[in-house]
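Below are the chains, spelled out letter by letter.
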Amino acid sequence: MYVVGVVIPVPGDKKDAYRAWSENSAMLFKEFGCLEIVESWEDHVPDGKQTDMRRAVAAQPGEKIVFSWQVWPDKETLDAAEEKMRDDTRFDIPGDIPFDAKRLIYGCFSPLHVMGRE
């Protein structure tokens, strides 16, 4: 198992556009071997005293935090998928994406402990 984590500031009024964008992307990721994707819309994201999710992505007033993760079989599958995705025109984004991609935080992780999965 290999996990990709993402934190994204999304304008609150673009929730439906983000949902559509993420659903389309998820279909393509699945085709390339992704096992699971969870897209989570902010419900309770408290302000911290030193740091927090909002500050981490320089969220602006009216933006909501999306916390997302993808589960891949292994790092090699993700690496191969990313290589194929670079050349796949279906990943060319028509028009604007519903968030500022420059403030997105992305990271890949090897699990230390997993509960609730085989």
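The structure we're discussing is the one just above.
Presented here is an overview of the structure given in this document. None of these values were measured; they are calculated from a predicted model.

**Quick word on the overall build of the protein chain**
For the protein chain, the helix and strand inventory stands at three helices and four strands. Reading the protein chain from its N end, one meets helices and strands in the order β-α-β-α-β-α-β. A fraction of 83% describes how many contacts in the protein chain between residues 6 or more apart in sequence connect residues 24 or more apart. With the model as given, the accessible surface of the protein chain reaches about 8,100 Å², and the carbon-plus-sulfur share is 54%. With 15 positive and 22 negative side-chain charges, the protein chain shows a spacing of 5 Å between the two charge centroids.

**Here's the deal with the environment of Ala56**
Topologically, Ala56 is positioned in helix α2 (residues 53-56). In this structure, the C-alpha to C-alpha distance between Ala56 and His113, residues 57 residues apart in sequence, is 25 Å.

**Side note on the layout of surface pockets**
To locate leftover empty space, one rolls a probe as large as a water molecule over the atoms. Of the pockets and cavities examined, the second largest pocket occupies roughly 160 Å³. Along its surface, the second largest pocket is lined by Lys15, Tyr18, Arg19, Ser22, Glu23, Glu39, Ser40, Trp41 and Val66. Residue assignment for the lining of the second largest pocket shows that the elements contributing at least two residues are α1 (15-31) and β2 (36-41). Its residues assigned to classes, the lining of the second largest pocket shows three nonpolar, two polar and four charged.

**Examining the pattern of salt bridges**
If charged atoms from side chains of opposite charge come close, those side chains can pair. Summed over the entire model, instances satisfying the criterion amount to seven salt bridges. Linked through salt bridges whose partners overlap, the residues forming this network are Glu42, Asp47 and Arg54.

**Section: the environment of Arg19**
With respect to the helices and strands, Arg19 occurs in helix α1. Residues Arg19 and Trp41, 22 residues apart in the sequence, show an inter-C-alpha distance of 9.4 Å.

**Here we look at the nonpolar core**
Counting residues in hydrophobic clusters, the biggest one holds 15 residues, and the most contacted among them are Ile8, Val10, Tyr18, Trp72 and Met85. Every element with two or more residues in this core is listed here: β1 (2-11), α1, β3 (63-72) and α3 (75-87). The element that contributes the greatest number of residues to this core is β1, accounting for five residues. The contact partners of Ile8, leaving out residues within four places of it in the chain, are Tyr18, Lys64, Ile65, Val66, Phe99 and Leu104.

Calculation rules
- Residues numbered from 1 in each chain as written.
- Predicted model: local features only at pLDDT ≥ 70, side-chain atom pairs only at ≥ 80, totals over all residues.
- Heavy atoms only, no water.
- Helix = DSSP H or I, 4+ residues; strand = E, 2+ residues; numbered from the N terminus.
- Contact = heavy atoms within 4.5 Å.
- Areas by Shrake-Rupley, 256 points an atom, 1.4 Å probe, with all protein chains shown as cover.
- Lys, Arg positive; Asp, Glu negative; His and termini not counted.
- Charge placed at Lys NZ, Arg CZ, Asp CG, Glu CD.
- 1 Å grid on protein atoms, 1.4 Å probe; cavity = no way out; pocket = protein on both sides within 12 Å on 5 of 7 lines; lining within 4 Å.
- Points joined across faces, edges and corners; volume = space filled by probe spheres on them.
- Nonpolar A, V, L, I, M, F, W, Y, C, P; charged D, E, K, R; others polar.
- Salt bridge = Lys/Arg side-chain N within 4 Å of Asp/Glu carboxyl O.
- Core = buried A, V, L, I, M, F, W, Y, C linked by side-chain atoms within 4.5 Å.
- Buried < 20%, exposed > 50% of the residue type's maximum accessible area, 1.4 Å probe, protein only.

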